[in-house]
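Residue-level structural notes
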Amino acid sequence: MTVHDEVRWWIQFGRAFLARPAALCFAVALAWWFPGWLLTTGALVLAGAIGLRLWARRRPASYARFSVALAARRKARNLVRAWPDVCASCGLDREGACPTVRRRRVRGPHVELLVTPLLGQTLQHFAAVSEPLRSGVQASRLRLESHGPRDVRMIFTVVESLRATFPSTVPDEVTALEHATLGRQEDGRPWRLALGPHTLVAGSSGAGKGSVFWSFAVALAPAVRAGSVHLHGIDLKAGMEVLMGRGLFTSVATDAVEAVALLEDLVADMQERARQYAGTQRSHCATTENPLHIVMIDELAALTAYNNERELQRRAETAINLLCSQGRAPGFMVFACLQDPRKEVIPSRGLFTQMVGLRLKDISETTMVLGETAALTGAHCHRIRRDVPGTGYVVPEDGGHPILVRAGYASDELIREVAQTYAAPETREIDVAAVRDSLGPRRRPRSREDVA
Ligand SMILES: Nc1ncnc2c1ncn2[C@@H]1O[C@H](COP(=O)(O)OP(=O)(O)OP(=O)(O)O)[C@@H](O)[C@H]1O
């Protein structure tokens, strides 16, 4: 945390304290009753502030949950107070009566109102004025659902809980390889990405794909060092991104020939393992003898669409399709980042079963990545602001409503340090000879040795 962040935190804390009448009354009461009031009050305020600060530093996730819940409760009270005026300004009132708030519930950064509409009003009446309703109560998002035959449930997001940057973290030990913790959800809980499903991270330039990529690698660092996870990096920008944390990767491909050789090698390994498992085992459990192989691709389109050597493009695509369609059971996973999610750029988009939608250009891109239902039920990737990179939407595994998440920030220093401390125990050379020979001399791209 920089000095600037620190000062800003104390200013915010001071403002929050002064804005709470209960806290002020408490301080005044103490000052009134206790002898030596100045000292006592000062000491208590200081102790409280230090306690909060320590809590925020030591347990940032639980502190974030607490402060979000506190802010949401305050906003919920204001929201209910302002409800009749908001209804009137949105045309939802009639003869002085407005839809009745039957229940108010605060859940993380959301305030949920269960409302009984006036006779003749339906969910559509509320949907038609959802934007004025949202801005009227100063919420950043509003989701509407019908509840029973008549009532409407309104879920307002009243606190922007993911604005502050936080670092990516390495888990203390090798955990069960079911999830990787990449950052936080907007309710303050950890954002866990399932291991197994093939993952596609889509986001415009500067959306923060790098932080999702590295938070994922960093979250697996202890398993990499233990040898139960092998990461294979593909970065056709000459390795600019992946080579920063070279130590974490068992193999790294930085040009198209290497990428195809690596992918085809992994397909062969996958098929060999599937043959071994045939008739005896239907799912994979990662061990050092049989590690989970994860192919991490920095920009998928560079491999499948922007390559001017068609044969390499076709072979890369075939290998990725094979890994995505058959890899899960024998323990092979693809984790790819992508700027442009159109079908002509990534024809096999449907084979990726876990999507992360960061900031995207428009609603059509959001629909391409997360699906129409998610776009209609609150995944607004196209509305994510530029100043919160690493923020995006995911659809939970159980298929519930989309959740806003933010990845931790992995600085260059952190990546280098983690790559050094948790280096993979073995590396694998990529044998490009077969791929180069199969291309023939005319179509063979120049290798680095040729260039030299
Ligand atoms: N989670 C994060 N928290 C804070 N800052 C972040 C986070 N993720 C990324 N950034 C910052 O945002 C900027 C853009 O991030 P990044 O390079 O990862 O985007 P990108 O989607 O990979 O862009 P491109 O596709 O152009 O490479 C960088 O300056 C980075 O430091």
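Each value, and the rule that gives it
- Sequence positions are assigned chain by chain, starting from 1 and proceeding in written order.
- Only residues with pLDDT of at least 70 are given local features in this predicted model, and only at 80 or more are side-chain atom pairs given and counted; all residues enter the totals for whole chains, interfaces and linings.
- Helix and strand assignments come from DSSP, with helices taken as H or I runs of at least 4 residues and strands as E runs of at least 2, each series counted from the N terminus.
- Field definition: a residue is buried when 20 or more other C-beta atoms are found within 10 Å of its C-beta, exposed when 12 or fewer are, and partly exposed for counts in between, with C-beta atoms placed from the backbone.
- Whether two residues are in contact depends on their C-beta atoms, placed from the backbone: they are in contact if these lie within 7 Å.
- Pairing between strands requires that DSSP locate at least two bridges from one strand to the other.
- UniProt positions are given in the numbering used here, feature names are shortened, and annotations may be inferred rather than shown by experiment.
- Nearness between a residue and a molecule or strand is assessed with a C-beta atom placed from the backbone; a distance within 6 Å qualifies.
- Only buried residues count toward a nonpolar core: Ala, Val, Leu, Ile, Met, Phe, Trp, Tyr and Cys, linked into one set through C-beta atoms within 7 Å.

In this section: the overall build of the chain. Across its full length, the chain holds 16 helices and 14 strands. When each of the 452 residues of the chain is scored for burial, the buried share is 37%. In the chain, of all internal contacts separated by at least 6 residues, the share reaching a separation of at least 24 is 68%.

The next thing to look at is the pairing of strand β7 (residues 199–202). Where burial is concerned, the two faces of β7 agree: the one with Thr-199 and Val-201 and the one with Leu-200 and Ala-202 are both buried. Sheet analysis places β7 next to strand β11 (residues 332–338), joined by 4 bridges and oriented parallel. Each residue of the ladder has a partner; that of Ala-202, found in β11, is Leu-338. Looking at chain direction, β7 and strand β12 (residues 354–357) are connected through 4 bridges and run parallel. Following the sheet pairing, Ala-202 is matched in β12 by Gly-357.

Turning our eyes to something else, we now look at the UniProt feature "domain: FtsK" (unreviewed entry) in the chain. In the UniProt entry, the feature "domain: FtsK" (unreviewed entry) is given for residues 188–367. The straight-line gap between the two end C-alpha atoms of residues 188–367 is 26 Å; of that span, 37% is helix and 21% is strand.

Before going further, it helps to spend a moment on the site of the ligand. If you check the shell around the ligand, you find 15 residues, and the closest are Gly-208, Gly-210, Ser-211, Pro-389 and Gly-390. Mapped onto the shell around the ligand, the elements with two or more residues apiece are α7 (209–219) and β14 (403–407). Take the shell around the ligand: its biggest share by element is 3 residues, from α7.

So, about the nonpolar core. Phe-216, Leu-220, Leu-248, Ala-259 and Val-260 are the most contacted members of the largest nonpolar core, which has 89 residues in total. Counting residues per element, this core draws most heavily on helix α9 (residues 256–277), which supplies 9 residues. When neighbours within four sequence positions are excluded, Val-260 is seen to be in contact with Leu-312, Arg-315, Ala-316, Ala-319 and Val-435.

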